[in-house]
Structure formats: C-alpha cells, structure tokens
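Below are the chains, spelled out letter by letter.
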Amino acid sequence: MATKVYIVYYSTYGHVEKLANEIKRGADSIEGVEAKMWQSDVPVITPAELPEADAFIFGFPTRFGMMASQFKAFLDATGGLWGAQKLAGKPAGIFYSTGSQGGGQETTPLTAITQLVHHGMIFVPIGYTAGAVMFEMERIKGGSPYGAGTFAGDGSRQPSDQELEIAFHQGKYIAGIAKKLKGTAA
C-alpha cells in the first residue's frame, strides 16, 4: 500500500504553487509514495479528508510574519480532527513565500509549527540536508532549515532554480521519512 503524502497549499500569486509542484516532483521520486496536491487549480481539500494522508507538506504565503489568514482559517476548521486526534503522529513539513528577505522566512514556519504541535503531528524540518544549495551566498534565495521558501517581492519575481531545488529536496526528504515511519508503524 502506497504512502500518501498530501501537499496542501494556498497560493495568492502562484509562487507557493510553483514550490508545491517541485515538492510533488520530489515526493513522487520516492518509490512507493503517492503524492497529491490540494488547493488552487487542483482539488480543494476539506478537513475531513486530511486523515487519509500518511504525511503532509503545508504551504502558504506570509502575512506580517505569519501564515496567511486563508490557510489559518482552513487549519482552524480542523478542530474536530484535533479533538479525535486524527492527525497525531503524522509527519508534516512547511513551505512558504514571503514578500521580502525580512518578511518572515523563519518567523512564518516558527509560528505555523504551533498548528502541527496541537494536532500531535511530527514536524519534519529539512535542516541543511539539501546540501550545498543551502550554503550558497552569491544569489538571493528563500527557504531555511524549516522548509522551502521563495521571495515574491511585488509579485513579479518567480522562484529561483535554487529555491525550486530546495523544494524538490523537501518533497523527497519528507516522503522518504513518511515511508519509513509508515513501514515501522504497528
């Protein structure tokens, strides 16, 4: 039985969606993993469908250093799942877009982790596992040890090759961990 990884995102201008596409490609590169994207131009997910997944990678734009209210409202609707602990023990990662370098590349995932913690999910950061791309300093890039990220600026800047590389890695990395965890579950 395939390990199901849900990439659930909200994208205002398409930046988060581009990261989501790369994350899906990365997750799909792991044999035995079935990755599915939800939201925007893909199917809209309801909280009731979340328990079907073995793992999640949540993506959203930033507003004032936190997740956008549209995605927060979706997570707020998961109270019934929280009460029944339907998402507890499932690995989850986070990816995001900010308007600028000081716009929340670290505060956004830090404040979003509380959503995962209250559900009992296992937060899976990427750390520096993407390798040299994480240390390259010649070009501006989004992302952090918490997850893939991009800078949207005024909306005209698109995710860079480096940001997409990190997103691909995040999908592959979390899918691999989800597969291992599912294989050891009792």
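Coordinates for the structure precede this section.
Residues numbered from 1 in each chain as written. Predicted model: local features only at pLDDT ≥ 70, side-chain atom pairs only at ≥ 80, totals over all residues. Heavy atoms only, no water.

**Comments concerning the packing of helix α1 (residues 15-28) against helix α5 (residues 161-184)**
Part 1 of the reasoning: Viewed as axis vectors pointing N to C, α1 and α5 meet at an angle of 45°, and their least axial separation amounts to 6 Å. The angle between the axes of α1 and α5 places the two elements in the oblique class. Handedness of the α1/α5 crossing: right-handed. Across the interface between the two elements, Lys18, Leu19, Glu22, Ile23, Arg25, Gly26 and Ala27 of α1 pack against Glu163, Leu164, Ala167, Phe168, Gln170, Gly171, Lys172 and Ala175 of α5.
Part 2 of the reasoning: Taken together, the residues that form the contact of α1 with α5 break down as seven nonpolar, three polar and five charged. (Axes fitted to C-alpha atoms, helices over the stretch in contact; angles between N-to-C directions. Helix = DSSP H or I, 4+ residues; strand = E, 2+ residues; numbered from the N terminus. Parallel < 35°, antiparallel > 145°, perpendicular 65-115°, else oblique. Left-handed = near helix turned anticlockwise from the far one by under 90°. Contact = heavy atoms within 4.5 Å. Nonpolar A, V, L, I, M, F, W, Y, C, P; charged D, E, K, R; others polar.)

**Section: the pattern of salt bridges**
Between side chains of opposite charge, pairing is possible as soon as their charged atoms come close.
Part 1 of the reasoning: Under the criterion given, the structure shown has six salt bridges.
Part 2 of the reasoning: Note that Lys72 is salt-bridged to Asp76, the shortest N-O span being 2.6 Å. Separated by four residues within a single helix, Lys72 and Asp76 lie in helix α2 (residues 69-76), roughly one turn from each other.
Part 3 of the reasoning: Asp76 gets classed as partly exposed once you look at its relative accessible area, which sits at 48%.
Part 4 of the reasoning: Two residues, Arg139 and Glu136, come together in a salt bridge whose shortest N-O distance is 4.0 Å.
Part 5 of the reasoning: Under the relative-accessibility criterion, Arg139 is labelled exposed at 52%. (Salt bridge = Lys/Arg side-chain N within 4 Å of Asp/Glu carboxyl O. Buried < 20%, exposed > 50% of the residue type's maximum accessible area, 1.4 Å probe, protein only.)

**Examining the packing of aromatic side chains**
Part 1 of the reasoning: Under the definition given, this model contains seven aromatic pairs.
Part 2 of the reasoning: Look at Tyr128 and Phe135: their rings are 5.1 Å apart centre to centre, the planes differ by 25°, and that puts the pair in the stacked class.
Part 3 of the reasoning: Since its relative accessible area comes to 46%, Tyr128 is described here as partly exposed.
Part 4 of the reasoning: Feature note: the residues Tyr6, Trp38, Phe56, Phe58, Phe60, Phe71 and Phe74 constitute an aromatic cluster, connected by ring pairs. (Phe/Tyr/Trp six-rings, centres within 6.5 Å; stacked < 30°, edge-to-face > 60°.)

**Looking at the nonpolar core**
Part 1 of the reasoning: Counting residues in each nonpolar core, the largest one holds 26 residues, and the members touching the most others are Val5, Ile7, Tyr9, Ile57 and Phe95.
Part 2 of the reasoning: When contributions to this core are tallied by element, the ones reaching two or more residues are β1 (3-9), α1, β2 (33-38), β3 (55-63) and α5.
Part 3 of the reasoning: By size, the runner-up hydrophobic cluster in this structure holds 22 residues, among which are Phe60, Leu75, Ile94 and Ile113. (Core = buried A, V, L, I, M, F, W, Y, C linked by side-chain atoms within 4.5 Å.)

**Quick word on the pairing of strand β5 (residues 91-98)**
Part 1 of the reasoning: With eight of eight residues buried, β5 is to be regarded as a mostly interior element.
Part 2 of the reasoning: Where β3 meets β5, six bridges bridge the pair, whose relative direction is parallel. Among the inter-strand pairings, Phe58 is bridged to a residue of β5, identified as Ile94.
Part 3 of the reasoning: The sheet contact formed by β5 and strand β6 (residues 122-123) spans two bridges and is parallel. (Pairing = 2+ DSSP bridges.)

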